[in-house]
Amino acid sequence: MKLSFSASAIKNWFQYRCERKLVYETMDHRLRKTIPILEQTLPAPWADFGREYEGEVVSAYAKVSGVRLLAPPSGESDLGERMSLEFLQGSTGTTAAYQLVLTGTSALRRDLGLEGMDIEFRRGIVDLLLAQQVGGRRVLRLVDIKSTHAALPFHKMQLAWYGWMLRGVLEQNAVDASVDAIGEIWHRSAGVPAEPWEVSAFPLRSYEAVIQDFARRELREAVARTVHPERDDTRFHIYFKCEQCSYLLHCGMAIADALPPRQLDVSAVPGMSQQSKSTLRRMQITTVGALIDGRGQVLQPTVADWRLSTHGREIVERAAAIVAGAPHHIPGRVTLRMPPKTHVQIHLIADRDPMAARLATVGASVIEEGTEIARVIRLVARAEDEAGALLEALGVVRDALRRAHEANVRGAANVAHVFVFEPAESADLAEALGRNLHDPRIVSELLDLVRIFPPDFVVPEPSYRGYHHLPASALRSVVEELFALPARVSYDLARVSAALATSRPAPKDPYVPAREFARPFSSRLSLARCREVAEGGVDQKPIVDDVGARLSAMAGLVAWLEATDAALAPPDRFLRLKKAPFKLHATVDPLNAPSLEILRAQALLEKHTGLVATLHELAQPVERRRSRLSSIGPMRLVKQDMGRGGGVWFLFKKPAEAIDADIAPGDFMLLLSDGHPDRVLDPSIWNQLSVKLHPPKDDPSLLFLTMGRKVFESPVFQECLARLGNDGWILDRGYFDVNSERLATFLRHVAQDREAP
């Protein structure tokens, strides 16, 4: 198939990694219409925003001392080929060119290994090309202007494509000049106050090598594809980024409601990655039904895909839920992301405007014993409004925690917890707080919160996706860990609400977005709605109502999770985070505390952080721990006997995939059990499961362990022995740290010595 490539198509490939989008964008538009390929015209606020910003930057750059800018003639959008070549040759007397035109050349085709291929190259329009003399030779530096607040990888790839095009034009026209090894992305400044633009320089040649590899691999495969009414073999995958694609309606037919569930494309299964879909395709698995039927093959420990090896069971369970049309708890799944009962719930919502790089909305709701007693929703139209909105939300959090403390002082035992729905909302809130640390009101409020939070709030509970954030549970992550839902593509709030509607009882106040707020794969405020907040001039009550509906749905979901968990027998309950009743720690002053007190607190905090991280890992399913090489099992007991010192030794046969497990002789606090959460998630009984691992003998598939007599005779281990017999044993690593306690004790003694007369 003949394809016609542009720099935008290259950028889109590296942004979306979608072969179908690449082919559709570069094929003859007349052929697209005759097939036909469904295509929708999407609003382009980013493009309009980008053009405005580009004009501002170029206008400001032209006024810089020493700059002589060659700009397009009046009424023209670019320099044209003749003026562009004159600039490259150095005959215009200017130092920079705006909207310079590059054309495809035989040198470009040769350099990218595309000789003989049915490919055309569209013109490339470079934002800025800067000329300088280096060692007596003309050197040309490529610059791309982006209205984002950071230089993203796909921006650099687009500039690398221009690098190849420019090199070909210079060679074909025998221009004595070279392409600078450094490229630059000029983008919005994240600083306060913001500069007109910020420069991100990068090594252009490194990205040009990636372009070469793309041309010789993915581009060749794209050209070989067939697209006509009877056959379309382009590879595609439907996920959250597809919301921005003009061809979503076309690809969406593969997961349409009208299709029988078993015939849906595997993209319908939430959590499916592009790489996992490619792996399944090689297994001849392309539909939801085939995924269920092929579960034995998919769940092999040796499957050659990281996501399938670590999350394969959830993916298969989700496929089964889609076919059944009903949600179910994934057997054996537990979570440390939320406690089983929360008396004081603090729900937070944050929508981010990516174009302005600030929050668009902030919402906070406090539920005490099932009744909402406070709600704040604020829209952020200007950057200077963000601090005030954050202060109101933080004030709600502070007041709720103080009320919980006062009730507990009077004898109550109220557990307080903070909830967001999306993990990204915590990150957005944390970044917003960081942007406003220049405001003394924010600093004062944050210090007040640090003083009143007890230690288990200082440590993120849990730390998901590596973000350091407010101490909040992400409800989406809780649901993803525990339940398989008949939801397609995404577990956003709207789809979770709809999927749980068939439960009996169902969560109260489900989120059903109004038409103007409905999105294909997300329930957060869309870019268009965020722009309405920023620009004003429209009725903003619907936006406030939408944020309020999401807050109510979150409260209903938490109540449903707690009730569902409470209805189970204790061994089967899935909400495992243990939290003490909330108490203020108002005596902690991070700015004025003695240095030794800070060191002691850091030592204890480090220990607590390590323990929380270990428990979070142990809360993962056995198959996931095994795939991460942090667990060995299931093992078969080959032999056991009494040791010379009164202890017991065991010889286990471990599975082949556990040969490379990250557990070695000399590791502390190794736990031998059945892997049940009641045992591995309770540090108080780890001493009744502890064993020592000894260096392997001749056979690496055998595991030699020893256990003390008291441990062997303990009730906890005897229960495991009676339950398992010879098969199903799991070896995990707990947490052991003697140094933190010793350091804290030492610092306490030093402090006492200093206070002595």
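Residues numbered from 1 in each chain as written. Predicted model: local features only at pLDDT ≥ 70, side-chain atom pairs only at ≥ 80, totals over all residues. Heavy atoms only, no water.

Student: Give a detailed account of the overall build of the protein chain, specifying residues and quantitative values.
Tutor: Check the secondary structure of the protein chain and you find 28 helices and 24 strands. Out of the 757 residues in the protein chain, the part that is buried amounts to 51%. Taking the contacts inside the protein chain whose residues are at least 6 apart along the sequence as the reference set, 71% of them involve residues at least 24 apart. (Helix = DSSP H or I, 4+ residues; strand = E, 2+ residues; numbered from the N terminus. Buried < 20%, exposed > 50% of the residue type's maximum accessible area, 1.4 Å probe, protein only. Contact = heavy atoms within 4.5 Å.)

Student: Give me the lowdown on the confidence of the model for the protein chain, citing residues and values where you can.
Tutor: Averaged over all residues, the pLDDT of the protein chain equals 87, while 89% of them reach at least 70. Taken as a whole, residues 451–470 scores under 50 in pLDDT and shows 64 contacts with residues more than four places along the chain or in a different chain. In the model, residues 586–599 has pLDDT below 50 throughout and makes 14 contacts with residues more than four positions away in sequence or in other chains. (pLDDT = per-residue confidence, 0-100.)

Student: Could you give an account of a nonpolar patch on the surface, naming the residues involved and the relevant values?
Tutor: Among the surface-exposed residues, Leu-38, Leu-249 and Met-253 lie close enough to one another that they form a single nonpolar patch of about 270 Å² accessible area. Within the secondary structure, Leu-249 sits in helix 10 (residues 248–252). Among the residues examined, Leu-249 registers a relative accessible area of 47% and is labelled partly exposed. (Patch = residues over 30% accessible without salt bridge, like charges linked within 9 Å, V, L, I, M, F, W, Y side chains within 5 Å. Areas by Shrake-Rupley, 256 points an atom, 1.4 Å probe, with all protein chains shown as cover. Salt bridge = Lys/Arg side-chain N within 4 Å of Asp/Glu carboxyl O.)

Student: Describe in detail the pairing of strand 13 (residues 344–353), supporting the description with residues and values.
Tutor: Within strand 13, 9 of the 10 residues are buried, which leaves the element mostly enclosed by the surrounding structure. As judged from the 10 bridges shared by strand 13 and strand 14 (residues 358–368), these two strands associate in the antiparallel manner. By the bridge assignment for strand 14, His-347 is matched with Ser-365. Hairpin connection between strand 13 and strand 14: a loop of 4 residues separates the two successive antiparallel strands, and Ala-357 in this loop has a positive phi of roughly 55°. (Pairing = 2+ DSSP bridges.)

Student: How would you summarise the pattern of salt bridges if you had to cite specific residues and measurements?
Tutor: Per the counting criterion, the structure on display carries 56 salt bridges. A salt bridge links Glu-19 to Arg-225; the nearest nitrogen and oxygen atoms lie 2.9 Å apart. With Glu-19 in helix 2 (residues 19–26) and Arg-225 in the loop between helix 9 (218–223) and strand 10 (227–228), the pair connects residues that are 206 residues apart, well separated along the chain. Looking at Glu-19, the relative accessible area reads 8%, which means it is buried. Across the salt bridge formed by Arg-82 and Glu-86, the nearest N and O atoms sit 2.9 Å from each other. You can see Arg-82 and its partner Glu-86 sitting in helix 5 (residues 80–89), 4 residues apart, about one turn around the helix.

Student: Which residues make up unusual backbone geometry, and what values go with them?
Tutor: Look at the link from Arg-504 to Pro-505: it is a cis peptide, with omega at 0°. Residues Gly-633 and Pro-634 are joined by a peptide bond in cis, for which omega reads -5°. Tracing the sequence through the fold places Pro-634 in strand 19 (residues 631–642). One non-glycine residue, Gln-99, lies in the positive phi region at around 60°. If you trace the backbone, Gln-99 turns up in strand 3 (residues 96–102). Residues other than glycine seldom take positive phi values, yet Ala-174 does so here, at roughly 50°. For Ala-174, a relative accessible area of 70% corresponds to the exposed category.

Student: Got a sec to walk through the sheet that holds strand 24 (residues 727–733)? Specific residues and values, please.
Tutor: If you trace the 6 strands once around the closed barrel, you get 19-20-23-22-21-24, paired in antiparallel fashion. Neighbour-to-neighbour, the strand axes of this sheet turn through a mean angle of 45°, independent of strand direction. Of the pairings in the sheet, the one linking strand 22 (residues 690–693) to strand 23 (residues 702–707) comprises 2 bridges and is antiparallel in character. Following the sheet pairing, Leu-693 is matched in strand 23 by Leu-705. Along the sheet, helix 27 (residues 715–724) makes contact with strand 19, strand 20 (648–653), strand 21 (670–673), strand 23 and strand 24, crossing strand 24 at roughly 145°. (Axes fitted to C-alpha atoms, helices over the stretch in contact; angles between N-to-C directions.)

Student: Describe in detail the side chain of Asn-12, supporting the description with residues and values.
Tutor: Within the secondary structure, Asn-12 is located in helix 1 (residues 7–16). On the accessibility criterion, Asn-12 (14% relative accessible area) is buried. Once residues within four sequence positions are removed from consideration, Asn-12 is found in contact with Arg-17, Lys-21 and Glu-25.

Student: Would you mind going over the packing of aromatic side chains in detail, with residue names and values included?
Tutor: What the rule picks out here adds up to 19 aromatic pairs. Ring centres of Trp-13 and Phe-214 lie 5.8 Å apart, and the angle between their planes is 35°; on these two criteria the pair is classed as tilted. A residue pair is termed long-range when its members are at least 10 positions apart, and Trp-13 in helix 1 and Phe-214 in helix 8 (residues 204–216) qualify at 201 residues. You'll find Trp-13 and Phe-214 in the same group, each marked buried. Arranged with centres 5.1 Å apart and planes meeting at 70°, the rings of Tyr-61 and Trp-186 form a pair that is edge-to-face. Of this pair, Tyr-61 sits in helix 4 (residues 45–62) while Trp-186 sits in strand 8 (residues 182–187), placing them 125 residues apart in sequence. Chaining the aromatic ring pairs together yields one cluster made of Phe-650, Phe-652, Phe-712, Phe-717 and Trp-729. Sitting over the ring of Trp-164, Arg-167 keeps its end group 5.1 Å from the ring centre. Positioned over the ring face of Tyr-491 is Arg-318, at 4.9 Å from the centre of the ring. (Phe/Tyr/Trp six-rings, centres within 6.5 Å; stacked < 30°, edge-to-face > 60°. Lys NZ or Arg CZ within 6 Å of the ring centre and 35° of its normal.)

Student: Can you lay out the state of the cysteines for me, pointing to particular residues and giving the numbers?
Tutor: Taken as a whole and judged by the stated rule, the model has 0 disulfides. Take Cys-251: it sits in no disulfide, and the sulfur closest to it among the cysteines is that of Cys-18, at 6.1 Å. Among the residues examined, Cys-251 registers a relative accessible area of 10% and is labelled buried. (Disulfide = S-S within 2.5 Å.)

Student: Lay out helix 19 (residues 475–482) in plain terms, naming residues and giving numbers.
Tutor: Counting buried positions along helix 19 gives 8 out of 8 residues, so the element sits mostly inside the fold. Looking only at helix 19, the buried set comprises Leu-475, Arg-476, Ser-477, Val-478, Val-479, Glu-480, Glu-481 and Leu-482.

Student: An account of the packing of helix 15 (residues 386–409) against helix 16 (residues 423–435) is needed here, citing residue identities and associated values.
Tutor: Running from N to C, helix 15 and helix 16 cross one another at 120°; their axes reach a closest spacing of 10 Å. Considering the angle they form, helix 15 stands oblique to helix 16. You can see that helix 15 and helix 16 cross each other, and the crossing is left-handed. From helix 15, Glu-386, Leu-390 and Leu-394 reach across to helix 16, where they touch Leu-429, Ala-432, Leu-433 and Arg-435. Here the residues of the contact of helix 15 with helix 16 are counted per class, giving 5 nonpolar, no polar and 2 charged. (Parallel < 35°, antiparallel > 145°, perpendicular 65-115°, else oblique. Left-handed = near helix turned anticlockwise from the far one by under 90°. Nonpolar A, V, L, I, M, F, W, Y, C, P; charged D, E, K, R; others polar.)

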